[in-house]
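Analysis of the macromolecular model
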Amino acid sequence: MLFNSIDFLIFFPLVVLIYFLVPRKWRYIWLLISSYYFYMSWNPYYAILIAISTLITWFCGICVGQIQSKQNISSKTISEESQPSNKSKSNAKQLKILCVASSFIINLGILAVFKYGNFVLDNIDALLKTLHITRINYRFDLLLPVGISFYTFQALGYTMDVYRGTIKPETNLLKYALFVSFFPQLVAGPIERSGNLLTQVQNVDKLKLWNYDRVRDGFFLMMWGLFQKLVIADRVAIIVNQVYDHYQEYGYGLVQIAVATVLFAFQIYCDFNGYSTIARGAAKVMGFELMNNFKQPYLATGIKDFWRRWHISLTTWFTDYLYIPLGGNRKGQLRKYINILIVFAVSGLWHGASWNFVIWGLLHAIYQIVENIAFSHKKKKKHSAVVSFVISVLCGVVTFIFVDFAWLFFRADNASQAFKMIAQALHIFSFNGYGWGMETYEIMIAVVAIGILLLVDILHEKNIALFEVINRRNIVIRWILYQGIIWTIIMLGVYGVEYDPSQFIYFQF
Amino acid sequence: MIHFWHILRKMKNIVKVVGFVIVFMIINNIISYILNSDFSFSRYTLHELYTTEDNIDVLLVGSCHSYYEVDPSIINEKTNIKAFNLGTSEQRYDGTYALIKEANKNNNIKTIYLEMYFGVAGKNYKADTYSEETFIISDYMKPSLNKYLYLINSCSKEYYISSFIPSSRYRKNLFDSKILKENLDLKFSKNYLNYKDDMYAGNGYVRLDGVVEGGYVSKAGKYKRIPQNAFSDDDIYYLNKIIKYCKENQIELVAYSSPMPDYNLIQRGNYDEYISQVKSLFENNDVEYYDFNLLKPEYFDFNIQYFADDEHLNSSGTVIFTTLFSDFFYGKFKDKDIFYSSYKEKIENDKNKQYGISYEIVPYENNKLIKLYNITTYNDIKMVIGHNQNIDNIVQIEPNYMEIYVDYDYVGEIEVQCVTSNNSVIENYILEIE
């Protein structure tokens, strides 16, 4: 069930209506039922996987909690007489590690089989072929469950938080199951932390039943997300697909490949941020606050800065649960760079079981390392406001160019296509006569809509909270804006019989 | 008063939401009004249905074969019974059902005549969706449960935005200044505002003038056989609903088929099969079916001059047919046997009739081969190429089949005459070769 589908247009108001009507203590059960229904609308069998993941991580959390509380009780009792023995401490720690490791192995195992099984077999076969050894020629007949990477990471994040003692294990299985499967962010994030979402789930019965302002803001957020998805992402996708799918056939050159790749940067931003914004809006309507997954990424003035703004929930997940455990930047420069390479290679693989994603991740790692080497020792000079502005614009443009170049690998169907397109772009400089697959007025709509998006991002960058500004205006201006955005989506959105309904790109991850 | 304001203040947010929705609906109507080209006659028909004061006793429903071919004013005049034609273009049976319910809301309908044109049957309503045939009805229906149920059931849910927010359907027109200008000119014209149209003659009847010039000529294969299962599951479902509704409301339901040119039906090759399919649909439901394509020549002359094209009667044909229709159901022909028992029987009795010709062009070596077929019941007729034509390579294979060979790049007109054994020319046809 896509957020931009009629099913969701029927599903969501119904869920919200009943959510407001059921007794407070039953609310989380209703949301859990709705979330599983939402997920099962793709494939009912997927629910088995999410249920397994939920059960394992919940049980692991309970076990770790039990070990911890036993340890605490024994240390209290013993402390009156003497210090606890190092042996019992290390036994408890080993048990905890065993629990967490089991949870990680099983969850990542499921992810590996469903997402990376055939990728591994493909690569083994390729290797065997080069060594002239008989190939395996076996492939798993499995469909990649929607959003498996998101909920697996969310559940594993909980396991780690319990292990580190930052949160207490949730004893109510159903509440925990809702935390893992909460439908607004289930299939494409943001990957929520237990400290945020689980706490809200635990207190769902204390939420104010009806808050007009909150519900209105939630719906407006949803509209803003739909605007990004339907008016920008799905529209520029027509040009992007035209160029990427037919680059050989039509001999597209540098200009068209570059334009398509720039547009892809906006497509993926609006697609993913659109989803996250709709998710935040939907959650807000029901009284939940989800984290903001994007912070004006294309206004970043460096690669490191870009990763502080792009897919924040994943970046922080990798930082907390992979980069820091690997040693982070505590073990010298070389180890730090190796850690960066590992994290970004894994991040690339997380996005897809294909080498082009790995290359995309590694490119970002190299960017960061180079940026780090080049700028870490330079002291910041003080400039006048104008010079600072020019420098930050230039840095922004250069960052965008590098990020956009990496997007080419992300968008290509495989690494080979990406390299072929780069080679073709370096050979053909002329603008050939083949069109963009879109009429001029549609291109104009896309350009104006991207302009609006950037304007909103600039305002946010300047700490001007647009929603608050709008909400302070009188009802006439507010309604003009609300109706305006709804009618823009209806009249200019890419949906319906003229267009194929598009999936959100990040669902495949 | 104070109490009222107190409640209102409490209801402020609900009032805001309702107000927002109302503004949304107003904007939707304004955009729709500007962008919709409003080409359909159903706008006039439904307006008249809603504004007519007299009770409608007889309702005619169906496709263009209903609204072009039966003029209710003739029935009204002859019988003093108020008839109204609620036919709309390509009307599917879900539309028929919705319209019957809509008409019966404010009228005490006694009889419904349901036209059974085979061209509208056989569709899968959910799959063949985004259909103008639905919107030209729903757009002009007053808001009601009947209308919304019709919209919900007429298409799959992917199309609900198009169905329920009509302005979204015409959004492509937003960037076409020519269409916008035409629409605005139309919307502010006197005729539009007063529901006047040159072709709309009132009571739901739309007058179609003109005759087919130069006889019937068409490419072979244009008139395909009627499918063995002419009625889809959706058709049958809604036909049963119509039958049930009529029974529940004590309305007599009569099914019929309007006259069509024999040139069309004869080439389909299986019209009798269709008749039996229709009959079997209704036989257990006490619904009579009358096929006016089986009329004997003494009651109706299926002459080309009464048809505007290869499907519909023209206004002269409609006058004759509606008079007969009225006489058959309410007057002098009531108990008369005016029909043949089958279409086959009709054609067998149709001696010496020239219906038209059909042709196909196929490449043959470096030439074009034009295959000519004569559709006729004459026994002693042959086709002849006009004298002034510079075509030599003609092979008469059979009396009613001829082959002509022309240059591959030949473009022009070929005159074909149908001539009897005593050399009298029955019909002249012009073939346009592109």
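About the cut-offs
- Residues numbered from 1 in each chain as written.
- Chains lettered and ligands numbered in written order.
- Predicted model: local features only at pLDDT ≥ 70, side-chain atom pairs only at ≥ 80, totals over all residues.
- Heavy atoms only, no water.
- Helix = DSSP H or I, 4+ residues; strand = E, 2+ residues; numbered from the N terminus.
- Buried < 20%, exposed > 50% of the residue type's maximum accessible area, 1.4 Å probe, protein only.
- Contact = heavy atoms within 4.5 Å.
- Areas by Shrake-Rupley, 256 points an atom, 1.4 Å probe, with all protein chains shown as cover.
- Rg over C-alpha atoms; globule rule 2.2 N^0.38 Å.
- Lys, Arg positive; Asp, Glu negative; His and termini not counted.
- Charge placed at Lys NZ, Arg CZ, Asp CG, Glu CD.
- Axes fitted to C-alpha atoms, helices over the stretch in contact; angles between N-to-C directions.
- Parallel < 35°, antiparallel > 145°, perpendicular 65-115°, else oblique.
- Left-handed = near helix turned anticlockwise from the far one by under 90°.
- Nonpolar A, V, L, I, M, F, W, Y, C, P; charged D, E, K, R; others polar.
- Pairing = 2+ DSSP bridges.
- Buried area = accessible area lost by both parts, 1.4 Å probe.
- Salt bridge = Lys/Arg side-chain N within 4 Å of Asp/Glu carboxyl O.
- Polar contact = N/O pair within 3.5 Å; in protein donor to acceptor, adjacent residues only side chain to side chain.
- Phe/Tyr/Trp six-rings, centres within 6.5 Å; stacked < 30°, edge-to-face > 60°.
- Lys NZ or Arg CZ within 6 Å of the ring centre and 35° of its normal.
- Core = buried A, V, L, I, M, F, W, Y, C linked by side-chain atoms within 4.5 Å.
- pLDDT = per-residue confidence, 0-100.
- Expected span 1.5 Å × (residues − 1).

Here the focus is the overall build of chain B. A count of helices and strands for chain B gives 17 helices and 15 strands. In terms of overall dimensions, chain B has C-alpha extents of about 100 × 55 × 40 Å along its principal axes. Expressed as a percentage of the 434 residues in chain B, the buried residues total 52%. Across chain B, contacts joining residues at least 24 apart in sequence account for 75% of those joining residues at least 6 apart. Only carbon and sulfur atoms are counted for the fraction: they give 51% of the accessible area of chain B, which is about 21,200 Å².

It is worth spelling out the overall build of chain A at this point. When helices and strands are counted, chain A shows 18 helices and zero strands. Its C-alpha atoms give chain A a radius of gyration of 25 Å, near enough to 23 Å, the size a compact globule of 509 residues would have. Across its three principal directions, the C-alpha atoms of chain A cover 85 × 65 × 60 Å. The proportion of buried residues among the 509 residues of chain A is 52%. A sequence separation of at least 24 residues applies to 78% of the contacts in chain A between residues at least 6 apart. Total accessible area on chain A stands at roughly 24,000 Å², and carbon and sulfur atoms take up 67% of it. Distance between charge centroids for chain A: 12 Å, based on 44 positive and 29 negative side chains.

Residues and elements named next belong to chain A. Packing of helix H12 (residues 333-351) against helix H13 (residues 355-375) leaves a shortest axis separation of 7 Å and a crossing angle of 150°. As the angle between them shows, H12 and H13 are arranged roughly antiparallel. Crossing handedness for the pair H12 and H13: right-handed. Across the interface between the two elements, Gln333, Lys336, Tyr337, Ile340, Leu341, Phe344, Ala345, Ser347, Gly348, Leu349 and His351 from H12 touch Phe357, Val358, Trp360, Gly361, Leu362, His364, Ala365, Gln368, Ile369, Asn372 and Ile373 from H13. Across the contact of H12 with H13, the residue classes break down as 13 nonpolar, eight polar and one charged.

Residue and element names in this part refer to chain B. If you walk across this open sheet you meet the five strands as S2-S1-S3-S7-S8, and the pairing is parallel. Edge positions in the sheet fall to strand S2 (83-85) and strand S8 (288-291), since each of these pairs with one other strand and no more. Strand-to-strand twist of the sheet, defined as the mean angle between neighbouring strand axes without regard to direction, takes the value 20°. Where strand S1 (residues 58-61) meets strand S3 (residues 111-115), four bridges bridge the pair, whose relative direction is parallel. Looking at the pairing, leucine 60 lines up with tyrosine 113 of S3. Strands S3, strand S7 (252-257) and S8 of the sheet are contacted by helix H15 (residues 271-282), whose axis makes an angle of about 160° with S8.

Turning our attention to the interface of chain A and chain B. On the chain B side, the residues contacting the 23 residues of chain A number 24 residues. When chain A packs against chain B, close to 2,300 Å² is buried across both sides, 74% of that on carbon and sulfur atoms. Ranking the residues of chain A by area buried against chain B places Tyr212, Trp487 and Met491 of chain A at the top, with a combined share of 27%. At the boundary of chain A and chain B, one finds zero salt bridges. At the boundary of chain A with chain B, the tally comes to four residue pairs in polar contact (both at pLDDT 80 or more). Listing elements by their share of the side of chain A that touches chain B, those giving two or more residues are helix H1 (6-21), helix H16 (440-461) and helix H18 (475-492) of chain A. Among the elements that line the side of chain A that touches chain B, the one with the most residues is H18 of chain A, at ten residues. Here the side of chain A that touches chain B is built from residues that sort into 17 nonpolar, two polar and four charged.

This part takes up the packing of aromatic side chains. Tallied over the full model, the rule gives 101 aromatic pairs over all chains. Relative to phenylalanine 325 of chain B, the ring of phenylalanine 292 of chain B has its centre 5.8 Å away and its plane inclined at 40°; by these criteria the two rings are tilted. Taken as a pair, phenylalanine 292 of chain B in the loop between S8 and helix H16 (315-330) and phenylalanine 325 of chain B in helix H16 lie far apart in primary sequence, 33 residues in all. Comparing phenylalanine 292 of chain B with phenylalanine 325 of chain B, the two get one shared label, buried. Measuring from ring centre to ring centre gives 5.8 Å for phenylalanine 321 of chain B and phenylalanine 325 of chain B, while their planes differ by 65°; the resulting arrangement is edge-to-face. Taken together, the positions of phenylalanine 321 of chain B and phenylalanine 325 of chain B, both in helix H16 and four residues apart, correspond to about one turn of that helix. Neither phenylalanine 321 of chain B nor phenylalanine 325 of chain B differs from the other in exposure class; each is buried. One residue, lysine 96 of chain A, lies across the ring of tyrosine 163 of chain A, its end atom 5.4 Å from the ring centre.

Right, let's get into the pairing of strand S15 (residues 425-433) of chain B. Residue and element names in this part refer to chain B. Note: strand S14 (residues 412-420) against S15, eight bridges, orientation antiparallel. Each residue of the ladder has a partner; that of glycine 412, found in S15, is isoleucine 433. The hairpin turn running from S14 into S15, its antiparallel successor, is four residues long, and asparagine 423 in that turn takes a positive phi close to 65°.

For the rest of this paragraph, the subject is the nonpolar core. Counting residues in each nonpolar core, the largest one holds 155 residues, and the members touching the most others are Met286, Phe288, Tyr298, Trp310 and Trp407 of chain A. The leading source of residues in this core is helix H9 (residues 254-285) of chain A, at 16 residues. Once residues within four sequence positions are removed from consideration, phenylalanine 288 of chain A is found in contact with Tyr19, Leu31, Phe182, Leu197, Gln200, Val201, Val204, Leu207 and Ala283 of chain A. Counting residues in each nonpolar core, the second largest holds 90 residues, with Leu114, Phe118, Ala121 and Tyr263 of chain B among its members.

Residue and element names in this part refer to chain B. Spatially, five strands are ordered S6-S9-S10-S13-S12 in an open sheet, and the strand pairing comes out mixed. Two strands lie at the open edges of the sheet, namely strand S6 (216-219) and strand S12 (394-398), each paired on one side alone. On average, each strand axis in the sheet is tilted by 25° relative to the strand beside it, whichever way the strands run. Two elements, strand S10 (residues 367-376) and strand S13 (residues 401-407), share seven bridges in a ladder whose sense is antiparallel. Bridging from a neighbouring strand, tyrosine 373 pairs with tyrosine 401 of S13.

Moving on, we come to the environment of aspartate 404 of chain A. All names here are of chain A. Tracing the sequence through the fold places aspartate 404 in helix H14 (residues 385-411). When the C-alpha atoms of aspartate 404 and glutamate 442 are compared, they prove to be 23 Å apart, with 38 residues separating the residues in sequence. Excluding residues within four positions of it along the chain, aspartate 404 makes contact with Ala258, Thr261, Val262 and Ala265.

Attention shifts here to the confidence of the model for chain B. In the predicted model, chain B carries a mean pLDDT of 89, and 97% of its residues have values of at least 70. The complex model carries a pTM of 0.82, and its ipTM stands at 0.80.

Turning to helix H15 (residues 415-427) of chain A, a few remarks are in order. Residue and element names in this part refer to chain A. Taking 1.5 Å of rise per residue, the 13 residues of H15 would be expected to cover 18 Å, and the 19 Å separating its terminal C-alpha atoms lies within 8% of that figure. Among all positions in H15, only Ala415, Gln417, Ala418, Met421, Ile422, Gln424 and Ala425 are buried. Considering only its buried residues, H15 is in contact with helix H8 (212-246), H9, H13 and H14.

It is worth spelling out the environment of asparagine 91 of chain A at this point. Topologically, asparagine 91 of chain A is positioned in helix H4 (residues 86-130). Taking the C-alpha atoms as reference points, asparagine 91 of chain A and isoleucine 67 of chain A, separated by 24 residues in sequence, lie 9.9 Å from one another.

Attention now moves to the pairing of S1 of chain B. Residue and element names in this part refer to chain B. Of the two faces of S1, the one lined by Val58 and Leu60 and the one lined by Leu59 and Val61 are each fully buried. In this sheet, S2 lies alongside S1 in parallel orientation, the contact comprising three bridges. Along S2, the bridge assignment pairs leucine 60 with asparagine 85.

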